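So the chains spell out like this:
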Amino acid sequence: MAFKNAIIAIDFDGTVVTHAYPHIGMDAGAVPVLKELLANDCRLILVTMRSGRLLEKALEWFKEHDIALYAVNENPEQKSWTSSPKVHADLYIDDSALGCPIRFVDGVARPVADWTRIRKLLVDEGYLD
């Protein structure tokens, strides 16, 4: 793998799960890909607008799916070289990002991240084998 120890920032609503805010949506197909990233020594940072109890529910979702997060809404490593609040990462995966593959799910008004296509991009770019 070309990107050992890559730091990957991931959004939650519409990316990891389908849009259902303030509730937790269904897995958008992210679970196996996120686990594969972890198995390839990538570190995942959850970058979300959720806060308080709504953030706690999202964190519970990750625990229930046995997906370890490196950090939440921050990169602890960057504090030594910048005071910027923007999370430093090697890659961002967010359904609202320009170019993020999306798909429509029956019964969900907004599109969600397409993890089949995202996985292919991760392989093509060297984040996954």
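Attention here is on the structure that accompanies the text. All figures in this text were calculated on a predicted structure; none of them were measured in a lab.

Tallying each qualifying case throughout the model produces 0 disulfides. Free of any disulfide, Cys-100 has its nearest neighbouring cysteine sulfur in Cys-42, separated by 16 Å. Classification of Cys-100 by relative accessible area gives buried; the value is 16%.

This next bit is on the pattern of salt bridges. Applying the stated rule across the entire model yields 8 salt bridges. Its salt-bridge partner being Glu-60, residue Arg-53 comes within 3.0 Å of it at the nearest N-O pair. By relative accessible area, which is 43% here, Arg-53 ends up partly exposed. Of the residues examined, Glu-60 reaches a relative accessible area of 34% and is grouped as partly exposed.

Within the secondary structure layout, Val-87 lies in the loop between β3 (71-72) and β4 (91-93). When its relative accessible area of 7% is taken as the criterion, Val-87 is described as buried. Taking the C-alpha atoms as reference points, Val-87 and Val-47, 40 residues apart in sequence, are found 7.9 Å from one another. The contacts of Val-87, once residues within four sequence positions are left out, are Ile-45, Val-47, Asn-73, Glu-74, Asn-75, Gln-78 and Tyr-92.

The N-to-C vectors of helix α1 (residues 30-39) and helix α3 (residues 115-124) enclose an angle of 20°; their axes lie 9 Å apart at closest approach. Looking at the two axes, α1 sits roughly parallel to α3. Pair α1 / α3 crosses with left-handed handedness. Contacts between α1 and α3 involve Ala-30, Val-33, Leu-34, Glu-36 and Leu-37 from the former and Trp-115, Arg-119 and Leu-122 from the latter. Its residues assigned to classes, the contact of α1 with α3 shows 6 nonpolar, no polar and 2 charged.

Conventions we followed
- Residues numbered from 1 in each chain as written.
- Predicted model: local features only at pLDDT ≥ 70, side-chain atom pairs only at ≥ 80, totals over all residues.
- Heavy atoms only, no water.
- Disulfide = S-S within 2.5 Å.
- Buried < 20%, exposed > 50% of the residue type's maximum accessible area, 1.4 Å probe, protein only.
- Salt bridge = Lys/Arg side-chain N within 4 Å of Asp/Glu carboxyl O.
- Helix = DSSP H or I, 4+ residues; strand = E, 2+ residues; numbered from the N terminus.
- Contact = heavy atoms within 4.5 Å.
- Axes fitted to C-alpha atoms, helices over the stretch in contact; angles between N-to-C directions.
- Parallel < 35°, antiparallel > 145°, perpendicular 65-115°, else oblique.
- Left-handed = near helix turned anticlockwise from the far one by under 90°.
- Nonpolar A, V, L, I, M, F, W, Y, C, P; charged D, E, K, R; others polar.

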